[in-house]
Structures are given as structure tokens and as C-alpha cells.
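The lines below spell out each chain.
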Amino acid sequence: MRWRLVLLAGLAVACSPNKDRFANRVYHRLTARDNGWFNANEKLKEVVADLEHHHVDDYDEVLPLFIYGTEDEAKASASDLEKCIEKCSLVIERHSMDVKGKERNKWIDDAYFVIGRSHFYKHNYFDAQRIFDYIGRRFKGEDKQMEAKVWLARTLIEVEQYARAQSVLDEVKEEKELPKHFPHDELAAVQADLDLHRGKVDDAIIELEHAVDITKDRQDRVRWAFILAQLYQLKGQEEKAIAQYAHVVRMNPPYELAFHAQIFQALAFNKGNSEVLRKKLNKMLHDDKHVDHYDMIHYALADLDLKDNKEEEAIAQLKLSCLVSTTDRKQKAKSYLKLADLYFDDRAYADAQKYYDSTSTVLDETNPRYDEVRTRAEVLGDLVEQLDIIALEDSLQALAGLSKEEREQRVKGLIEQREKQEEERAAKEAAAREVAESTPVKPATPSNSSDRGQWYFYNAQQIARGATEFRKKWGERKLEDDWRRSDKSGAALATGTEEEEDGETAEKGEEAKEIPDWKDPDFYMKDIPKDTAALMASDARICEALYKSGMIYKEKLKDVDNAIESFENLNSRFADCSYTPESYYQMYRIYLEKERTGNFIDFSGATSKHYADIIMERWPDSEFARLVQDPDRLEEAEAHRQMEAAEYDQVYHRFKQHDLMGVITACNDVISNEPQNHLLPKYYMLKAMAVGGMHELTAFRTALNEVKDKFPGSDEAQAASDILAVLDNKDQASGTASDKAAGKDGASNYQLGQGPHYIAIIYPSSAGPIEDAKTKISNFDQRYFAGKNILIENTILNDDSQVILLRLFADKAAAMAYYQQFLNDVGMLAGINDQGYPIFAISPDNYSQLYRNKDVAAYTAFFNANYLKTQ
């Protein structure tokens, strides 16, 4: 019994963290390591391994040297990381042996190190920085002191304190003797990471070469070797890049790294014989494991063709890349965009427009060329429209000049040509459908937890996104059974009576026999100009299209040669159409600009003076004659207009900042003192909106009527009329509400309208400050709907929700176009359009009912049935 008491007394003495005895040190070190630190460190390893496993690299960019996870992944891992922090905090609390200012338990700095890294992977960089800094100061000479400084540098890099990060790394490098197990490879890699963040690629290459040479971690060595090859390629060291990528392939890396290392060898190639690389890529096309990357292989082959000046072959490879694309939307966008750029550079604008348009459907909105692609697609669409008008009218006039027999023969040839095109299109659709049906579709995972409790068909956002994805894949399809079949005659199940079956069969048979318009010769004959008046109208359309296409070439595409061709064509064909004076003036401006840039000689005699003389002779009293006499007048006028536009932007910015009185004062100043300001209608409208923002309804009506009366036919007058109509509808709705409050049925009775609409977002009060959401929406509107004057208001709906109301849209179609853009946005509206909040278009009358009855579910059902079923 006595020996037991002695043992218990000995253990009690050993448990004391304040005594620096051998037994105390052994007890607390073993307990700290095996009970708390070990479990926490293993859990941290699991979290980091999971982050690295789920990380998806973007091979269009230089890969990150270290994988830290996204904000969402950090939030998902927060509970596990918090457990690591709690365990190690308990270790420190119970087993720290601070004796005379010196820590006698060698595992305490390890515990702090786990806490610091846990905060780091939570993206809680402030606390991580504090812990790593504490380890560096408190545990001098201990194993983790220098390693903690390296992690401090990592943390400072993430918060963009690059100068301080460099100072910390310099401290480590200047240390005379580092611990035995210090990670020298990590130090070199962190220095390389810092150099990359500071744009010092050459320095990063030197550090990374050292890190690759000395690291013993196979996974790091492979990844860093690949990044090193990327840096060689970035610096234009193609031969070293190709050799390094080949070295990576021999290191037996994971599939994606190995595949991209082979592809990037071709993309890095710049001179010499490409046959070896071509054979390697073609061999890869015969390996089924690359089936989802065939598009990338064809893209690499196209790149080699372009470098060998084989543009036709490159275009063929790029088209193949688009055709065989399966799951990689990013690569599909690259292939589309490369095709579009090639056609654009060759001035094949009709083909370029098609591919820019296709690119815009798959290109990520965060891509730096996204706005440029959309603009080019739009501009080229306008150009193609004008070119189609010219081609159509020329064809119709050519048919008009033929005899009856010749005309019928020509139309027969057109129908045969169209039949051949339709057969080719059907074959391509069948091939694409076969590829699509043979490709397994991976089930989508929910984007956030708020959608999980809601069935798909009750969720308006999911329905809209699904509809958008359907159109991207299948285009516009009629809502009917067996929509994917071209022949539906035997697809329906036999239901109902025999009479019903016979009736349906006969009806379908008649539909199948219906001849499309393009097969009917009368379709081609009906628009042929048959008299002088019709021929003059056709000429007018051609003249206008030639002028508009010339202006698009000149102003938007900066293609002077094609602009000259369009204007010369107009001038030679139409001596006196309504656009002839302007066409000559544009030729004058083009040659004047050529002469001012110098070194211009036109042996055909075309000079600015030549066109100026024609204008002065034929239209001496016109505005164009005055501009020819004073060539700088136009530049001065344009500079003045730009100044006026900049001043208006400043006033509009004040309106967005809700400085309503300041806006009214500024608008009144322009209205009184600048009657010739080309933005005067906008100033009147902006003043009216500012007055409306002050909730002075009578003054608001007066200001809107002033806009409508002073500027009839303008966009501002139309907008004012729309708002006045909404105000009138509100008054009527208020009367209806009063009647119902007096005792009539107050149930919802929503009606479908095509007129003015709002967009409403039901925003939960628990979702955070509503002003933050309104700011995000305002930024979105500024980017995609600049100049539309979309007002953003909010009002309390009930105890739990508010309504964010966006107004005013001219009609249902405009509201739904905004709705689709709003839902499809990725990034700018994060936290709003991805949370499952009810979002819908709504007419003013229906909004009055919704606000009165608070029946969001009822209106959502109405919206899904009447707005989304046609989307």
C-alpha cells in the first residue's frame, strides 16, 4: 500500500509544469506530443491533403507553387482546423514548462506551429501572422523558429506585404546555422513565390531551379519542375522550356500534369522542324484515355501549323477541336476565339462574326477579352447585316433583269443549292447529336446549401440556368414530344381511342407534308422589284447599307481599305442617293488623315483635295462644304462633345451617390447656360430622376412631362412616358387596394402583362447589410447596362425580408433579358444570385398585389408558369 502512495506522490510531482526536473520534462513532453500535438498535426495533414486533392489547376496560367485552397474550401475546413487549434491550445495550457523565462518542453513550439498553420489554411492571416511572429521571437534556437519565419513570409505574401516578406526571408538566409531538419527546398520555393508575386521572373527561375534540385518530396519536385518549364516558356526560352516539359513527362507525374507537359512542348515550339512533335500529338489522338482532351491536341496541332505558316491547315484543326470538344468549355472558347481572330485578321468578317458570337456563349466573364469579344460580335453582326442587305438586293435586281425562263432556272438552282446545304447541316447535327448522346453526363453538385431543400422545379434560378444551358447545347427548340427526333411519326405511345389515334396521325401527316418556304419558287419571286418605284426603293436600301458598312469599317473596325471600297462602290453606283454627299465627305476625311500621317502617295490621283473639290462643286451650300473649308472644325466639335460627356458622367456619378440636391443644381445650371449641349435631354431626364428620388410625386410628374414635351421621339421622352404610365398604374392599383380593404376579396389575382416591368429580389433580413447587395447590383448595372438609368430601391416586405426593386424596364422582354444576365453572372453578384433568393420580373400591377398580400410563393409559381415556360 505504501509503494502505491509513493508512486502517486511521484506522479503528482511530475505533473507540475513549474518544476524543471527530468521526470517533469519527460512526462509533459510525452503527453504533449502523443496526446494533443500528434492528433492535431495528423488532422492538419489530412486537411491540407484534401485541399490539394480537390484543387483544379488552371493551365492557362502559371501554376501556383503552393496550394492553399479557396475561400469556400477554407470555410468548409474551418471546423477541422478549429479542432487542431483547440487541441494544441490545450497542449500549451496544460504542458507548457516556462521555467525562469525559458520553455523546457520542446513540443510547445511545435504546438504553436500547428496553430499558426491552421489559422493560415483558414485564411485567417492576421492570427497566423501573429502566431508565426510570436514563435520567431519566443523560441529562439528551437527547431521551429526559422521554419515559422518562412511561414510568416508565406503569410505576408498572401496579404501582399512583399517588402516585409523579403526582410523575413533575408533574416532566415543570414542565419549562420539552421536546424538539422530545416526545409531548405521550401525556403527556395517561397523565395521564388515572392519573386513571382513581385514580377521578378528571372529571379524566380534561379530560386526554383535550386528548389527542384534539392527537394526530396516527389510531389513538390514534379510540380515545381512543371512550373519551371512554364517560366522558361514565359521568358521566351523555348528550347529550355521544351526540354524541361520533356523532363517532367519522364518523372511519371499525375495524368493532367503529364498530358499538359506534352501539349505545352508543342505550344512552346517556335523554330526548327516540328515533325517530331506532330508525330507525338497524332499518336496521342489514337489513345482513348485522352478522349476528353482531343480538342486540346487539335489546338496544339493548329498552333504548330500557324508557326509553319499553314493557315488553312490550322483552321481545319481548330474546327476539329471545336467539333470533338466534350467537357472542356475553356478549351472550346480558346478554339472558337482563335478561329475568330484568324478570320478577323484576314478581314473575313462574316466568318469572324460567327465565331466571336460562339465564343461569347462559352467564354468566362472573368476572361480579360470577354468585353472585347462581345463588342466584336455585336459590331460584326451589324456589318454582316448590312452586307446581307446588299447581297440580297443585288440578287433580287439580278433576277429582275432576267427573262421569265432564265429566272425560273436560276430559282431552281437556288433551291437545289439550299437542299444540298440542308442535307449537310442535317448530317452535321446527327453527328453532333451522336457525340452528345454518347458522352456521359456527370451529375451536377449543388452550388450552395440554400438550394438543397428546394425541389429543382420550384426554384426559379435553377430553371433559368437550366434553360440557358439547354439553349447553348440545342438552340431554340419547339416545346413538343420527342424534340430531339427529326422523325416523330413512330415515337408516340398509343393512348386514347382509335379515332383519336387516327386524327392525330392524319394531323401529323399533314404537318410532315408541309413544304418549307425555301422550297417554294414563289418565295424567291415575291420580293423581286417589278417596277421603277420598287427598283428605286431597292437602290435606296443598297445605298444606305453601303454607307453604313463603310462607316463600320472606318470607325469601329479601323479597316480603312474596306471602308474606301464601300464608299467608292456607293459613289460609282449612286450619283445622287441620300448618302452620296456623306460618302464623298468620308472619303475626304480618310485621305486627309492619310496625308497628315505622311509618306502617302496614291498614284490613282485620289487625294483629299480631289474629294473636297467634288463636294464644293456639287454641294456648295451643305454642311460638308463648310467642314471641308475648315477641316479642324470637326475635331474641335468632337473634343467639345467629349468634354460635355465627361461632365455629364460626373453629374451622373453624383446621382449614383444619392447627392440629389447637387444633381438638381448641376442640371439646372446646364439647362440654363448650355442650351446647345448635345446631352441636354439626358440632363432633363437626370433632373427628373433626382426629383423623383426626393419623393416629390407632383414635382416628379411635372419634370417627366417636361422631358416628354421638350424632346419628343427621343429615348428620354420614351423613358419618361414609361415612368408616367407606371405612376398612373400605381394610382389605379392604390384605388383597387382601397376597395379590397373595404371588404372585397383580397386574394392574389396576377395578370400577365407585356408592358413596363420591374425586377424584384426578396432579400432576407438575416443576409447582412442590404446596402452591400445594392452596391454589387449597381456595379453590375454599370458594367452591363450603362446608360439605362436603372434605379435600385429597397423597402421592407415583412419582418423577415426586404424587397430590392430594380426599375424601370420598358417591357417584359427587356426585364427578362436583364433577369437572364443577372442569374448567369458569375462573380460580380456572388452572394445574391447564387443563394436561392426569390428573383423575378414583375409588372407594376402585380407588384402592388405582391406587396399588399406578401404572397411571394404564389407569385413565384405564377412567374415560373408564365415567364419561364417560354424561356
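Structure first, text after, so check above.
Just so it is clear, the model here is predicted, and its values are computed rather than measured.

Chemist: How do you make sense of the overall build of the protein chain when you look at a structure like this?
Modeler: In terms of helices and strands, the protein chain carries 37 helices and six strands. A buried classification covers 42% of the 871 residues belonging to the protein chain. Put simply, 63% of the contacts in the protein chain that link residues at least 6 apart link residues at least 24 apart.

Chemist: What is the right way to look at the pairing of strand 4 (residues 791-796) in this model?
Modeler: For a regular strand, side-chain orientation follows a simple rule: the groups alternate between the two sheet faces. Bridge analysis of strand 4 against strand 5 (residues 801-809) gives six bridges, and the strand direction is antiparallel. Directly across from Ile796, in strand 5, lies its bridge partner Gln802. Remark: four residues form the turn of the hairpin made by strand 4 and strand 5, two consecutive strands paired antiparallel.

Chemist: Help me out: how do you make sense of the side chain of Gln244 in this one?
Modeler: Among the structural elements, Gln244 can be located in helix 12 (residues 238-250). In this structure, Gln244 is in contact with Ala225, Leu228, Ala229 and Tyr232, ignoring residues within four places of it in sequence.

Chemist: Would you mind showing me how to read empty space enclosed by the protein here?
Modeler: Left-over empty space is what a probe sized like a water molecule reveals as it rolls over the atoms. On inspection of all chains with the given rule, the structure shows one cavity of 30 Å³ or more. Here the largest cavity defines a volume of roughly 50 Å³. Looking at the largest cavity, it is lined by 10 residues, and the ones nearest its centre are Tyr652, Asp781, Phe785, Asn789 and Ile790. For the lining of the largest cavity, the elements supplying multiple residues, two or more each, are helix 29 (632-656) and helix 34 (770-784).

Chemist: I tried to follow the sheet that holds strand 4 on my own but got confused; where do I start?
Modeler: Hydrogen bonds along the backbone pair up the strands of a sheet, which may run parallel or antiparallel. Pairing is antiparallel across the open sheet formed by four strands, whose spatial order is 4-5-3-6. Here the strands that pair on one side only, and so sit at the sheet edges, are strand 4 and strand 6 (839-842). With direction set aside, neighbouring strand axes in the sheet form an average angle of 25 degrees. Its contacts with the sheet place helix 36 (residues 844-853) against strand 3 (757-764), strand 4, strand 5 and strand 6, and it is angled at close to 125 degrees to strand 6.

Chemist: Help me out: how do you make sense of the nonpolar core in this one?
Modeler: Counting residues in hydrophobic clusters, the biggest one holds 134 residues, and the most contacted among them are Ile777, Leu806, Tyr818 and Phe822. With nine residues, helix 31 (residues 680-693) is the single largest residue contributor to this core. Apart from the residues within four sequence positions on either side, Leu806 is in contact with Tyr758, Ile759, Ile761, Ile777, Ile790, Leu791, Ile792, Tyr818 and Phe822. Counting 87 residues, the second largest nonpolar core, distinct from the first, contains Ile85, Phe113, Ile263 and Leu304.

Chemist: I tried to follow the pattern of salt bridges on my own but got confused; where do I start?
Modeler: Opposite charge on two side chains permits them to pair, given that their charged atoms come into close proximity. With the rule as written, the count across this model stands at 36 salt bridges. As a salt-bridge pair, Asp58 and Lys330 come within 2.7 Å of each other at their nearest N and O atoms. A residue pair is termed long-range when its members are at least 10 positions apart, and Asp58 in the loop between helix 2 (22-54) and helix 3 (71-76) and Lys330 in helix 17 (residues 329-345) qualify at 272 residues. Classification of Lys330 by relative accessible area gives partly exposed; the value is 43%. Among the salt bridges present, the one from Asp527 reaches Lys526, with a minimum N-O distance of 3.2 Å. Overall, the relative accessible area of 48% leaves Asp527 in the partly exposed class.

Chemist: What should I look at first to understand the packing of helix 17 against helix 18 (residues 349-362) in this one?
Modeler: How two helices pack is summed up by the angle between their axes together with the distance between the axes. Contact pair helix 17 / helix 18: the axes reach a minimum separation of 8 Å and the direction vectors enclose 160 degrees. The pairing of helix 17 with helix 18 is recorded here as roughly antiparallel in orientation. Like other packed secondary-structure pairs, helix 17 and helix 18 cross with a definite hand, here left-handed. Each of Arg329, Lys332, Ala333, Tyr336, Leu337, Leu339, Ala340, Asp341, Tyr343 and Phe344 in helix 17 lies in contact with helix 18, whose residues at this interface are Tyr349, Asp351, Ala352, Tyr355, Tyr356, Ser358, Thr359, Thr361 and Val362. Classifying every residue of the contact of helix 17 with helix 18 by side-chain character gives 12 nonpolar, three polar and four charged.

Chemist: Is there a simple way to think about the packing of helix 11 (residues 218-234) against helix 12 in this case?
Modeler: Axis separation between helix 11 and helix 12 bottoms out at 8 Å; the angle between their running directions is 165 degrees. With respect to helix 12, the element helix 11 is oriented roughly antiparallel. Between helix 11 and helix 12 lies a crossing whose hand is left-handed. In this structure, helix 11 uses Ala225, Phe226, Leu228, Ala229, Gln230, Tyr232 and Gln233 to contact helix 12, whose residues at the interface are Lys240, Ala241, Gln244, Tyr245 and Val248.

Chemist: What's the story with the packing of aromatic side chains in this structure? I'm lost.
Modeler: Inspection of the entire model under this criterion finds 50 aromatic pairs. Centre to centre, the rings of Phe120 and Tyr125 are 5.4 Å apart; their planes meet at 70 degrees, and the pair counts as edge-to-face. Here Phe120 falls in the buried class, since its relative accessible area comes to 0%. Grouped by ring-pair contacts, the aromatic residues Phe66, Tyr68, Phe113, Phe120, Tyr121, Tyr125, Phe132, Trp151 and Trp224 constitute a single cluster. The lysine or arginine in question, Lys812, covers the ring of Tyr867, its NZ or CZ lying 4.9 Å from the ring centre.

Chemist: In this structure, what is going on with the side chain of Asn571? I would like to understand it.
Modeler: When you line up the elements, Asn571 lands in helix 25 (residues 560-573). Residue classification places Asn571 among the buried positions, given a relative accessible area of 11%. The contact partners of Asn571, leaving out residues within four places of it in the chain, are Thr580, Ser583, Tyr584 and Met587.

Chemist: Is there a simple way to explain the environment of Asp110 in this structure?
Modeler: Along the chain, Asp110 falls in helix 5 (residues 108-121). Relative accessible area serves as the criterion here: at 10%, Asp110 is assigned to the buried category. Separated by 22 residues in the primary sequence, Asp110 and Cys88 have C-alpha atoms spaced 8.8 Å apart.

Chemist: Can you walk me through the environment of Phe574 in this structure?
Modeler: When you line up the elements, Phe574 lands in the loop between helix 25 and helix 26 (580-597). Sequence separation between Phe574 and Cys543 is 31 residues, and the spatial gap between their C-alpha atoms is 7.1 Å. Ignoring sequence-local partners within four residues, the contact set of Phe574 consists of Asp539, Ile542, Cys543, Leu546 and Thr580.

Chemist: Sorry if this is basic, but what is going on with a negative patch on the surface here?
Modeler: The grouping of Glu311, Glu312, Glu313, Asp345 and Asp346 at the surface amounts to a negative patch. Checked against the element boundaries, Glu313 lands in helix 16 (residues 311-324).

Chemist: What is the right way to read the environment of Leu686 from this model?
Modeler: Structurally, Leu686 is set in helix 31. Among the residues examined, Leu686 registers a relative accessible area of 1% and is labelled buried. Taking the C-alpha atoms as reference points, Leu686 and Glu716, separated by 30 residues in sequence, lie 9.5 Å from one another. Not counting the four nearest positions on each side in its chain, Leu686 is found in contact with Tyr648, Val651, Tyr652, Phe655, Val663 and Cys667.

Calculation notes
- Residues numbered from 1 in each chain as written.
- Predicted model: local features only at pLDDT ≥ 70, side-chain atom pairs only at ≥ 80, totals over all residues.
- Heavy atoms only, no water.
- Helix = DSSP H or I, 4+ residues; strand = E, 2+ residues; numbered from the N terminus.
- Buried < 20%, exposed > 50% of the residue type's maximum accessible area, 1.4 Å probe, protein only.
- Contact = heavy atoms within 4.5 Å.
- Pairing = 2+ DSSP bridges.
- 1 Å grid on protein atoms, 1.4 Å probe; cavity = no way out; pocket = protein on both sides within 12 Å on 5 of 7 lines; lining within 4 Å.
- Points joined across faces, edges and corners; volume = space filled by probe spheres on them.
- Axes fitted to C-alpha atoms, helices over the stretch in contact; angles between N-to-C directions.
- Core = buried A, V, L, I, M, F, W, Y, C linked by side-chain atoms within 4.5 Å.
- Salt bridge = Lys/Arg side-chain N within 4 Å of Asp/Glu carboxyl O.
- Parallel < 35°, antiparallel > 145°, perpendicular 65-115°, else oblique.
- Left-handed = near helix turned anticlockwise from the far one by under 90°.
- Nonpolar A, V, L, I, M, F, W, Y, C, P; charged D, E, K, R; others polar.
- Phe/Tyr/Trp six-rings, centres within 6.5 Å; stacked < 30°, edge-to-face > 60°.
- Lys NZ or Arg CZ within 6 Å of the ring centre and 35° of its normal.
- Patch = residues over 30% accessible without salt bridge, like charges linked within 9 Å, V, L, I, M, F, W, Y side chains within 5 Å.
- Areas by Shrake-Rupley, 256 points an atom, 1.4 Å probe, with all protein chains shown as cover.
- Lys, Arg positive; Asp, Glu negative; His and termini not counted.
- Charge placed at Lys NZ, Arg CZ, Asp CG, Glu CD.

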